[in-house]
Amino acid sequence: MEIQVKDISKIYGSNESKVIALNHASLTISEGDFISIMGPSGSGKSTLLHIVSGLDQPSMGSVLYGDTDIHNGEDKKLSAFRRQKIGFIFQQFNLLPVLTARENIIMPLLLDKKKVEEEYLQELTSLLGLEKRLSHLPHELSGGQQQRAAIARALIAKPDIIFADEPTGNLDSKSGGEVMRMLCDIRKKMNKTLVIITHDPHIAEMADRRFTIIDGELSEVSAQ
Ligand code: ADP
Ligand code: MG
């Protein structure tokens, strides 16, 4: 499914406190794309990803998944659409602290009253090196393991597209490298579209298409 981001802007506040977080950003994401987005802190990266993934509303413009305008419909439908089509990986992992790794991973299925496919869960957790950690609570896991559990959660409903907002930003370089390697492997193996925000030029260069965002203005870095 192709995703068309059409001329979106996001404006916070008004008058003196007005912030233009995104300024007429457009891009088309094709199936299987691996896209990286770099930009300084405060440049609008998270705002863009949140709007493209339906976590937030644009002030102007639209986001189409195929023919579906994701910001134009019932909230309930959008939530279900997001859970089924989109996986989101946050910098801060966002695992629920009182649930085990396994419970966190399968949460999107429970919300949709879907059964757990044990075989797929096992495949995912083994690709992510989590088989022996599933009964642990998040605080009993290392940062890298927590992020890997968050990746499994993002993939459990078999979404077509994965968005990752600085997924290695809270990790040391060794576990960050591991997380990236696994994410890239899974993307290839399972044929997912991946859009990743990063500060790390090495990670940005792994992508097939590279974008930068400065003061809310998005542009594609031409292939060299
Ligand atoms: P990045 O992820 O690139 O660091 P963000 O997308 O988080 O940047 O933020 C872009 C700009 O929008 C920043 O100036 C930020 O302060 C502002 N901003 C983000 N969220 C809000 C909000 N909820 N209310 C007001 N301003 C916000
Ligand atoms: Mg951000």
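The structure displayed is predicted, hence computed values, not measured ones.

Trainee: Let's hear about the site of ligand 1: which residues, and what values?
Mentor: In the vicinity of ligand 1, the residues found are Y12, V19, A21, P40, S41, G42, S43, G44, K45, S46 and T47. In the model, an oxygen atom of ligand 1 is placed 3.1 Å from a nitrogen or oxygen of the G44 main chain. Between T47 and ligand 1, the recorded distance is 2.5 Å, taken from a side-chain N or O atom to an oxygen atom. Notes on ligand 1: free accessible area 570 Å², of which the protein chains cover 57%. Broken down by secondary-structure element, the contributors of at least two residues to the shell around ligand 1 are strand 2 (19-29) and helix 1 (45-52).

Trainee: Which residues make up the confidence of the model for the protein chain, and what are the values?
Mentor: Summary statistics for the protein chain give a mean pLDDT of 94 and a share of 99% for residues scoring 70 or more. Ranking the elements of the protein chain by mean pLDDT puts helix 2 (residues 75-85) last, at 85, and strand 1 (residues 3-12) first, at 98.

Trainee: Lay out the sheet that holds strand 6 (residues 86-89) in plain terms, naming residues and giving numbers.
Mentor: Strand order in the open sheet made by the six strands is 6-7-8-3-9-10, with mixed pairing throughout. The open sheet terminates on both sides in strands that have one partner only, identified here as strand 6 and strand 10 (217-221). If you compare each strand with its neighbour and ignore which way they point, the axes differ by 20° on average. The sheet contact formed by strand 3 (residues 34-38) and strand 8 (residues 193-197) spans four bridges and is parallel. By the bridge assignment for strand 8, F34 is matched with L194. Helix-sheet contacts for helix 2 involve strand 6 and strand 7 (161-165), and the interaxial angle to strand 6 is about 80°. In this fold helix 6 (residues 173-190) packs onto strand 3, strand 6 and strand 8, with an angle of close to 155° to the strand it touches most, strand 8.

Trainee: So what's going on with unusual backbone geometry? Residues and values would help.
Mentor: With glycine set apart, most residues show a phi of negative sign, and most peptide bonds adopt trans. With a phi close to 55°, K158 is a non-glycine residue in the positive phi region. Tracing the sequence through the fold places K158 in the loop between helix 5 (143-155) and strand 7. Positive phi is not limited to glycine here, since E166 has a value of about 45°. Inspection of the secondary structure assignment puts E166 in the loop between strand 7 and helix 6.

Trainee: Give a description of the side chain of D165 that names residues and reports values.
Mentor: With respect to the helices and strands, D165 occurs in strand 7. It turns out D165 is buried and unbridged, and the closest side chain with the opposite charge, K45, is 6.7 Å from it. When near neighbours in sequence (up to four residues on either side) are disregarded, D165 contacts S46, L49, H50, F88, I89, F90, Q91 and I197.

Trainee: Break down helix 3 (residues 101-111) for me, citing the residues and quoting the values.
Mentor: Of the positions making up helix 3, those classed as buried are A101, N104, I105, I106, P108 and L109. Of the surrounding secondary structure, the elements contacted by the buried residues of helix 3 are helix 2, helix 4 (118-127) and helix 5. Positive phi appears at K113, one or two residues downstream of helix 3, with a value of about 55°.

Trainee: Quick one: what's the story with helix 4, residue by residue and with numbers?
Mentor: Of all the residues in helix 4, the buried ones are Y120, L121, L124 and T125. The arc that holds every buried residue of helix 4, seen down its axis, measures 130°, which confines them to one face. Those residues of helix 4 that are exposed and aimed more than 90 degrees away from the buried face are E119 and Q122. On its buried side, helix 4 packs onto helix 3, helix 5 and helix 6. The first or second residue beyond helix 4 is G129, which carries a positive phi of 60°.

Trainee: Explain the sheet that holds strand 5 (residues 68-69) to me, and be specific about the residues and the numbers.
Mentor: Sheet strands pair by backbone hydrogen bonding; their relative direction is either parallel or antiparallel. The four strands are arranged 2-1-4-5 in an open sheet whose pairing can be described as antiparallel. Where the open sheet ends on each side, the last strands, each with one partner, are strand 2 and strand 5. In the packing of helix 1 onto the sheet, contacts are made with strand 1, strand 2 and strand 4 (60-65), and the angle to strand 1 comes to roughly 125°.

Basis of the calculations
Residues numbered from 1 in each chain as written. Chains lettered and ligands numbered in written order. Predicted model: local features only at pLDDT ≥ 70, side-chain atom pairs only at ≥ 80, totals over all residues. Heavy atoms only, no water. Near = heavy atom within 4 Å. Polar contact = N/O pair within 3.5 Å; in protein donor to acceptor, adjacent residues only side chain to side chain. Areas by Shrake-Rupley, 256 points an atom, 1.4 Å probe, with all protein chains shown as cover. Helix = DSSP H or I, 4+ residues; strand = E, 2+ residues; numbered from the N terminus. pLDDT = per-residue confidence, 0-100. Pairing = 2+ DSSP bridges. Axes fitted to C-alpha atoms, helices over the stretch in contact; angles between N-to-C directions. Contact = heavy atoms within 4.5 Å. Buried < 20%, exposed > 50% of the residue type's maximum accessible area, 1.4 Å probe, protein only. Lys, Arg positive; Asp, Glu negative; His and termini not counted. Salt bridge = Lys/Arg side-chain N within 4 Å of Asp/Glu carboxyl O. Arc of directions from axis to C-beta.

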